[in-house]
Amino acid sequence: MATATASRLAVLAPRPLAPSAGRRRHAPAPGGAPSRPRALSAAPRGRVLCLAAPASAAASTTDAGQDRLQKVPISNIRNFCIIAHIDHGKSTLADKLLELTGTVQKREMKEQFLDNMDLERERGITIKLQAARMRYVVNKEPYCLNLIDTPGHVDFSYEVSRSLAACEGALLVVDASQGVEAQTLANVYLALENNLEIIPVLNKIDLPGAEPDRVAQEIEEIIGLDCSDAIRCSAKEGIGITEILDALVTKIPPPKDTSKDPLRALIFDSYYDPYRGVIAYFRVIDGSIKKGDKICFMANGKEYVADEIGVLSPNQMQVDELYAGEVGYLSASIRSVADARVGDTITHYSKKAAAALPGYSEATPMVFCGLFPIDADQFEELREALEKLQLNDAALKFEPESSSAMGFGFRCGFLGLLHMEIVQERLEREYNLNLIITAPSVVYRVNCADGETVECSNPSLLPEPGKRRSIEEPYVKIEMLTPKDYIGPIMELAQDRRGEFKEMIFITESRAKIIYELPLAEMVGDFFDQLKSRSKGYASMEYSLVGYRESQLVKLDIQINAEPVEALSTIVHRDKAYSVGRALTQKLKELIPRQMFKVPIQACIGTKVIASEALSAIRKDVLSKCYGGDITRKKKLLKKQAEGKKRMKAIGRVDVPQEAFMAVLKLEKEVL
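Because the structure is a prediction, the values reported are computed rather than measured.

Calculation criteria
Residues numbered from 1 in each chain as written. Predicted model: local features only at pLDDT ≥ 70, side-chain atom pairs only at ≥ 80, totals over all residues. Heavy atoms only, no water. Helix = DSSP H or I, 4+ residues; strand = E, 2+ residues; numbered from the N terminus. Contact = heavy atoms within 4.5 Å. Areas by Shrake-Rupley, 256 points an atom, 1.4 Å probe, with all protein chains shown as cover. Salt bridge = Lys/Arg side-chain N within 4 Å of Asp/Glu carboxyl O. Buried < 20%, exposed > 50% of the residue type's maximum accessible area, 1.4 Å probe, protein only. Pairing = 2+ DSSP bridges. Axes fitted to C-alpha atoms, helices over the stretch in contact; angles between N-to-C directions. Core = buried A, V, L, I, M, F, W, Y, C linked by side-chain atoms within 4.5 Å. Domains from an automatic or database assignment. Patch = residues over 30% accessible without salt bridge, like charges linked within 9 Å, V, L, I, M, F, W, Y side chains within 5 Å. Phe/Tyr/Trp six-rings, centres within 6.5 Å; stacked < 30°, edge-to-face > 60°. Lys NZ or Arg CZ within 6 Å of the ring centre and 35° of its normal. Arc of directions from axis to C-beta. Lys, Arg positive; Asp, Glu negative; His and termini not counted. Charge placed at Lys NZ, Arg CZ, Asp CG, Glu CD.

Visitor: Whenever I open this one, the overall build of the chain confuses me. Can you help?
Guide: What the chain contains, in helices and strands, is 16 helices and 32 strands. In the chain, of all internal contacts separated by at least 6 residues, the share reaching a separation of at least 24 is 69%. For the chain, the accessible surface area stands at approximately 32100 Å², while carbon and sulfur atoms represent 50% of it.

Structure (structure tokens):
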């Protein structure tokens, strides 16, 4: 034991520089070439040293990681992804896999290595998908492990489904202290639909509150996976990482050998490079692709020449050929991300495949909001910023919009609330724009009296009441996982949002799954915040679109001094119209400065006023000079003042300050 401790201290002790070494970190080897730094053991310090991989195993793995470009037989390729809920340790585990296989050197390593954006690091979420090729040696046999790191949020479920279609297996990472969460379940079901081999991993076993036995039983009961040999690990401490790598090799099946078939490659991600155009990440399903091949995208029929192909390890490394089972990238001077959409199939132009790979669909925006620059001079800058973001994000849609209150801006469509937040934050951070953001809305379907169906995302574009027969709104199925103590408050929240109760299942003695169907419009406000607040942070949720349903919806207009303000119009359910109208009129009364005449503030449905407030006029005391005398003198002065106010009201115009708009928009997000 003393010898082992001494050797470990010797490795970790700082090595003195040779006098002649100058700025170099390591003294030259006897042959004259600079020696490489010795690979440190992956073993962590402290009480868990005995559980980590031995130094010799880590060193040999690191050396093997240097030869990542060497080809291996198709039977030695393993394609896998990691499924996890937010903050269950997915990125930390990916970091450890990259480090232990030598894919990334220790000196280059940083936390959340595959998360490139500052926003991802701050929030602890994966927004942009990444891939990494690792080389791992088992019994002197080299294996190629392709990790496809997927975003876990429901907004990006289509991208996740295409990434899963590019894999044969998945690591199901569950926090040993928190257990199974809603997002974990949703992604597991996606993986099962794609017939993936799932390996359960219980992470964070080093935490004092970890209960791996309870969580393993939970996984068996909820998902039905056998957890008798579930891997118990701590990605942070480096415990169990070698066992995970061994399980990837032994349990995940290799890809099918279809390298002789016509080329079919599945695009699972793409991004725009300002110098090379669009770079597409793909998995070769059938056949092979070489540098210089003329290729065709089967969804849009466009043709290109593959100028550059390579692998991601995790940086781009060029190769001459990729065959069935391999994962790589492609550069072909493509000008728009819309030409290389996620889920599309790449094939050879001269020898086309008989059919495209299944599952392709174009992303359709679900949530809309208006973006207006606070400074009107920034309108062109906002347009350029949105165009640049759209180069990397084909799901982002926008069109110009003008408002009498807020000037010129854009109506933007997003995949969901998280997608909307990310775009807003990137516009403000990366392009230094100050924005006003209207309350989020959804796409309604209006059935007109003439039989036509119109899709409407903006209240100002809603047809007149006489022209429409009915309005349909999108509904979602929402699954909420919660401890049993918070079932009451969560059901009350769902009922308040017009939810329809479907079922409640006790997945364990202490946790329940509650399923509701409710309008998407009721969820795009502060539903998630309220869910976390009422459950003290313990509940989690997942939702999926179930279709459109007819509802009693009305357009609520706000009129100030008998003039409608389109920017404040909303589409609400008839039962909630009064409470929303009352809240908006009261808030506007507080915020609009008093005028020289009386200003009525009204919430209307069509011509019917349902809530009203009045802003009293600023009045001069015309009776101050009357110290007595006849009452008719006072009446004459008051009548003259009233006539002046009436004339002023007829020609007067109320300017609503921008601060009032911003406060009311914030209120709309809360009350809708």
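Still to come is the rest of the account.
Visitor: Honestly, the pattern of salt bridges in this entry has me stumped. Any pointers?
Guide: It is possible for side chains bearing opposite charge to pair when their charged atoms get close. Inspection of the entire model under this criterion finds 28 salt bridges. Among the salt bridges present, the one from E425 reaches R429, with a minimum N-O distance of 3.4 Å. Linking E425 with R429, this pair stays in helix 10 (residues 417–430), spanning four residues, or about one helical turn. For R429, a relative accessible area of 38% puts it in the partly exposed group. Between E473 and R498 there is a salt bridge; the shortest N-O distance is 2.9 Å. Here E473, found in strand 24 (residues 468–483), pairs with R498, found in the loop between helix 11 (487–496) and strand 25 (500–506); they are 25 residues apart in sequence, far enough to count as distant. Residue E473 shares its accessibility class with R498, and that shared class is buried. A network of salt bridges, in which partner residues are shared, links E211, R214, E218 and R511.

Visitor: Got a minute to help me understand the pairing of strand 12 (residues 308–312) in this structure?
Guide: Along strand 12, five of the five residues are buried, which leaves the element largely enclosed by surrounding structure. Across three bridges, the pairing between strand 12 and strand 15 (residues 327–334) is antiparallel. Counted as the bridge partner of G310 is Y329 from strand 15. The turn joining strand 12 and strand 13 (residues 316–319), which pair antiparallel and follow one another in sequence, is formed by three residues.

Visitor: Explanation requested: the environment of Q595 in the structure shown.
Guide: By the element assignment, Q595 lies in the loop between helix 14 (577–591) and strand 31 (599–605). Overall, the relative accessible area of 17% leaves Q595 in the buried class. Remark: the alpha-carbon pair of Q595 and I618, spanning 23 residues in sequence, is separated by 6.0 Å.

Visitor: I would appreciate a short explanation of the sheet that holds strand 5 (residues 197–203) in the present structure.
Guide: For sheets, the rule is that strands pair by backbone hydrogen bonds, running either parallel or antiparallel. Taken in spatial order, the six strands make up an open sheet running 2-3-1-4-5-6, and their pairing is mixed. Here the strands that pair on one side only, and so sit at the sheet edges, are strand 2 (130–138) and strand 6 (231–232). Across five bridges, the pairing between strand 1 (residues 77–84) and strand 3 (residues 141–149) is parallel. Residue C81 lies in a different strand from strand 3, and its bridge partner there is I148. Here helix 6 (residues 182–193) sits on the sheet in contact with strand 1, strand 4 (169–175) and strand 5, set at roughly 150° to strand 1.

Visitor: Please clarify how the nonpolar core should be interpreted in this entry.
Guide: It is characteristic of soluble globular proteins that their nonpolar side chains tend to be buried jointly. Counting 48 residues, the largest nonpolar core has L427, I478 and M480 as its most contacted members. The biggest single contributor to this core is helix 9 (residues 379–392), with five residues. Shared between two domains, this core takes at least three residues from each, and those domains are domain 3 (367–438) and domain 4 (445–551). Beyond its immediate stretch of four places on either side in the chain, L427 contacts L371, L382, A385, L386, L389, N432, L433 and L435.

Visitor: Where do I start with the sheet that holds strand 12 in this structure?
Guide: Sheet architecture is open: eight strands sit in the order 11-10-16-7-8-15-12-13, paired in antiparallel fashion. Because the sheet does not close on itself, it has two edges, and the strands there are strand 11 (303–305) and strand 13. Neighbour to neighbour, the strand axes of the sheet diverge by 40° on average, direction disregarded. Pairing of strand 7 (residues 264–273) with strand 16 (residues 345–348) involves two bridges; the strand directions are antiparallel.

Visitor: What's the story with a nonpolar patch on the surface in this structure? I'm lost.
Guide: Taken together, F501, M504 and F506 make up a surface patch of nonpolar side chains, about 280 Å² in accessible area. Mapping M504 onto the fold places it in strand 25. M504 sits in the partly exposed class, given a relative accessible area of 33%.

Visitor: Where do I start with the packing of aromatic side chains in this structure?
Guide: In this description, an aromatic ring pair is defined by two values, namely the gap between the centres and the angle between the planes. Tallied over the entire structure, the rule returns seven aromatic pairs. The interplanar angle of 85° and the centroid separation of 5.6 Å between the aromatic rings of F398 and F410 together place this pair among those described as edge-to-face. Note that F398 is positioned in strand 18 (residues 397–403) and F410 in strand 19 (residues 407–414), a separation of 12 residues in sequence. Counting every residue linked through ring pairs, the aromatic cluster contains F379, F398, F408 and F410. Sitting above the plane of the Y349 ring, K294 keeps its charged end 4.2 Å from the centroid. When the ring centre of Y475 is taken as origin, the NZ or CZ atom of R549, which lies over that ring, is 4.6 Å away.

Visitor: When you look at helix 11 in this model, what are you seeing that I'm missing?
Guide: Along an α-helix, residues three or four positions apart point the same way, because every turn accommodates 3.6 residues. Among all positions of helix 11, only I487, I490, L493 and A494 are buried. Angularly, the buried residues of helix 11 cover 130° about the axis, an arc narrow enough to put them on a single face. One or two steps after helix 11, the chain reaches R498, where phi turns positive at roughly 65°.

Visitor: I'm lost on a positive patch on the surface in this one. Help?
Guide: On the surface, K625, R633, K636 and K640 cluster together into a patch of positive charge. Position of K625 among the secondary structure elements: in the loop between strand 32 (608–615) and helix 15 (631–651).

Visitor: Would you mind showing me how to read the pairing of strand 10 (residues 294–297) here?
Guide: The side chains of a regular strand alternate between the sheet's two faces. Two elements, strand 10 and strand 11, share three bridges in a ladder whose sense is antiparallel. Following the sheet pairing, I295 is matched in strand 11 by Y304. Between strand 10 and strand 11, which pair antiparallel and follow one another directly, the connecting turn spans five residues, one of which, G301, has a positive phi of 75°. In this structure, strand 10 lies alongside strand 16, joined through three bridges in antiparallel fashion. Its bridge partner being in strand 16, I295 is matched across the sheet by H348.

Visitor: Honestly, the side chain of S457 in this entry has me stumped. Any pointers?
Guide: Topologically, S457 is positioned in the loop between strand 23 (453–456) and strand 24. With a relative accessible area of 16%, S457 lands in the buried category. If we ignore the near neighbours within four places in the chain, the residues touching S457 are F368, R411, S441, V442 and V443.

Honestly, it's all geometry; don't read function into it.
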